[in-house]
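If you want the building blocks of each chain, they are given just below.
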Amino acid sequence: MSDNQPKPGLLQSLDERSRAIFREIVETYLQTGEPVGSRTLSKGTIGLSPASIRNVMADLTDLGLLDSPHTSAGRMPTHIGLRLFVDGFLEVGEPSEADRSEIEDRLRSTGRDMQGVLKEASTILSGLAGGAGLVSSPTRERPVRHVEFVPLATGEALCILVDEAGDVENRLVKIPAGLPATTLMEAGNYLASRMKGRTLREAALAVRDEIKERRAQLDQAATNLVEQGLAEWGGAVPGEERALIVHGRANLLADNQAVQDMEQVRQLFDILERQQSLLDVLDSTREAEGVRLFIGSENRLFPLSGSSLIVAPYMNASRQVIGALGVIGPTRLNYARVIPMVDYTARMVGQILGERQKS
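Calculation notes
Once a new chain begins, its residue numbering starts again from 1 and follows that chain's sequence as written. For a predicted model such as this one, the threshold for reporting local features is a pLDDT of at least 70, and the threshold for listing and counting side-chain atom pairs is 80 or more; totals across whole chains, interfaces and linings nevertheless cover every residue. Hydrogens and water are ignored here; the side-chain numbers use all heavy atoms of the structure. In this text, helices come from DSSP runs of H or I with a minimum length of four residues, and strands from runs of E with a minimum of two, each type numbered from the N-terminal end. Residue exposure (1.4 Å probe, protein chains only): buried if accessible area is under 20% of the type maximum, exposed if over 50%, otherwise partly exposed. In this description, contact between two residues means that some pair of their heavy atoms is separated by no more than 4.5 Å. Surface exposure here means Shrake-Rupley accessible area, sampled with a 1.4 Å probe, where a residue is shielded only by the protein chains that are shown. Only buried Ala, Val, Leu, Ile, Met, Phe, Trp, Tyr and Cys residues count toward a nonpolar core, and they belong to the same one when joined by side-chain atoms within 4.5 Å. In this scheme, strands are said to pair when DSSP sees at least two bridges between them. Each patch is built from residues that are more than 30% exposed by relative accessible area and take part in no salt bridge. Like charges join if they lie within 9 Å; nonpolar side chains (Val, Leu, Ile, Met, Phe, Trp, Tyr) join within 5 Å. For salt bridges, the criterion is a side-chain nitrogen of Lys or Arg within 4 Å of an Asp or Glu carboxyl oxygen. In summary, the charge assignment counts Lys and Arg as positive and Asp and Glu as negative, without counting His or the chain termini. Lysine's charge is taken at NZ, arginine's at CZ, aspartate's at CG and glutamate's at CD. Here the axes come from fitting lines to C-alpha atoms, over the contacting stretch only for helices, and the angles between their N-to-C directions go from 0 to 180 degrees. Any helix carries an expected span of 1.5 Å times its number of residues minus one. Note that the arc is defined by the directions from the helix axis to the C-beta atoms. Note that the term roughly parallel is reserved for angles under 35 degrees, roughly antiparallel for angles over 145, roughly perpendicular for angles of 65 to 115, and oblique for everything else. Two helices crossing with the near one rotated counterclockwise from the far one by less than a right angle form a left-handed crossing, whereas a clockwise rotation gives a right-handed crossing.

Quick look at the overall build of the chain now. Summing up its helical and strand segments, the chain has 14 helices and 10 strands in all. Counting across all 359 residues of the chain, residues that qualify as buried make up 46%. A separation threshold of at least 6 residues defines the contact pool for the chain, and within that pool the share at least 24 residues apart is 61%. Total accessible area on the chain is roughly 17600 Å²; 47% of this is exposed by carbon and sulfur atoms.

This brings us to the nonpolar core. Counting 56 residues, the largest nonpolar core has Ile21, Phe22, Leu107, Tyr314, Tyr335 and Val349 as its most contacted members. Of all the elements, helix α14 (residues 335-358) adds the most residues to this core, at 11 residues. Among all residues touching valine 349, those that are not within four sequence positions of it are Leu107, Val117, Leu118, Ala121, Tyr314 and Leu325. Counting residues in hydrophobic clusters, the runner-up holds 22 residues, among them Leu179, Leu200, Ile211 and Ala222.

On to the pairing of strand β4 (residues 144-151). Bridge count for β4 against strand β5 (residues 156-163) is 7 bridges, and the pairing is antiparallel. Bridged to phenylalanine 149 within β5 is cysteine 159. What sits between the antiparallel neighbours β4 and β5 is a turn of 4 residues, in which glycine 155 has the positive phi angle 75 degrees.

Moving on, we get to a negative patch on the surface. On the surface, Asp15, Glu16, Asp59 and Asp62 cluster together to form a negatively charged patch. Within the secondary structure layout, aspartate 15 lies in the loop between α1 (10-13) and α2 (16-32). Residue aspartate 15 is classed as partly exposed on the basis of its relative accessible area of 45%.

Let's shift gears to the pairing of strand β3 (residues 132-136). Most of β3 is tucked away, with 5 of its 5 residues classed as buried. Residues Ala132, Leu134 and Ser136 line one face of β3 and the alternating positions Gly133 and Val135 line the opposite face, and both faces are buried. Pairing of β3 with strand β10 (residues 321-330) involves 4 bridges; the strand directions are antiparallel. The partner of valine 135 across the bridge, within β10, is leucine 325. Sheet topology places β3 next to strand β7 (residues 244-247); 4 bridges connect them, and they run antiparallel. Bridge assignment links glycine 133 to a residue of β7, and that residue is histidine 247.

Mapped onto the fold, alanine 132 is located in strand β3. Its relative accessible area of 0% is what places alanine 132 among the buried residues. Taking the C-alpha atoms as reference points, alanine 132 and valine 327, separated by 195 residues in sequence, lie 5.6 Å from one another. Residues in contact with alanine 132, not counting those within four places in the same chain, are Ser126, Val246, His247, Gly248, Arg249, Leu252, Gly326, Val327 and Ile328.

Here the focus is the sheet that holds β10. With antiparallel pairing, 5 strands are arranged side by side in an open sheet as β7-β3-β10-β9-β8. Taken across any chain shown, the strands that pair with only one partner, and hence form the sheet edges, are β7 and β8 (292-295). Neighbouring strand axes in the sheet, compared pairwise and without regard to direction, differ in orientation by 15 degrees on average. As paired strands, β8 and strand β9 (residues 307-315) are joined by 4 bridges and run antiparallel to one another. Bridge pairing links isoleucine 295 to serine 308 in β9.

Taking 1.5 Å per residue as the helical rise, helix α4 (residues 50-62) with its 13 residues ought to reach 18 Å, and the 18 Å between its terminal C-alpha atoms agrees with that figure. By the burial criterion, the buried members of α4 are Ile53, Val56, Met57 and Leu60. The arc that holds the buried residues of α4, viewed along the axis, is 105 degrees, so those residues lie on one side. The exposed residues of α4 that point more than 90 degrees off its buried face are Asn55 and Asp62. Of the residues flanking the end of α4, it is glycine 64, one or two places downstream, whose phi is positive at about 85 degrees.

Right, let's talk about the packing of helix α6 (residues 97-108) against helix α7 (residues 114-129) for a bit. For any two helices packed against each other, the geometry is given by the interaxial angle and the distance between the axes. Running from N to C, α6 and α7 point in directions that differ by 155 degrees, and their axes come no closer than 9 Å. Put simply, α6 runs roughly antiparallel to α7. Every pair of crossing elements has a handedness; the one defined by α6 and α7 is right-handed. Mapping the contact onto sequence places Asp99, Glu102, Ile103, Arg106 and Leu107 in α6 and Val117, Glu120, Ala121, Thr123, Ile124 and Leu128 in α7.

Interpretation note: all reported values are geometric properties and have no functional meaning in isolation.
Encoded structure:
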């Protein structure tokens, strides 16, 4: 078990009074972003004196669920405390009708243009959730039907890739002067035989392995052409060709607590620039069902940034996970609202892209 997770049975070990005070502290903190004092709680529905509340707060602090930024300040939840609250107390339903309507209307207003849908999803999440919206562009999952190289008169060749849905991708690669047409044909035939019926990712891995182990029965010119084609179609390393769409960085500066610690803000902005690392984290949700939540140091990407990442995968018409989207923001995000919103947005993106695929 990670040190950043609550110990098993911790919630059950809390008595009713401790649970009520803990829940009130976390809910108040998530609303205000400020540490919560015993006097504030005593004026609410707890029904205890400030001294009694302080005793319980001290016990919760000893358990690692609460912390105090200053000796005289109130208490705020630790990352472990937030995780215990989310897992044990948070009630997550569907987004409000207003949120659902806005998400669907705005996504559908982009038509079925994939890039437009993904960009709008990122903008929606950043606006409605109050953090930065993240969307990874989809992986190519459809099997390849046809591949070839067509020589041009400009010292270049056109790489043509057609998948089973009929989508065509064309890329230009430079070729040496006087390269025989037979080399182009050899490279095309080789790729066609290895790629047919496989996804681009599967085929690229197999072809690169063959070339690396010198099992590829190709001369050097054809090998270079094959490698260029793979690089143009899918990136030299599988996955690196994909884009991360980020909107709403400015929202991260609107949080009072974050502004007080500009080093945390700097770290978070630094993370947003490392697109491949974030894509790796988004891709880690591909095997999960529904929404995943990383709080603070639960995630290897931002152990010191005081941030939370809420992520959900989106699927194509065949119910295959092809990408992920989510929100990154301060740990005091409104989880009850943001979690279902991320989930609903992922479902709507998948539905609209699925309709595009079928049309």
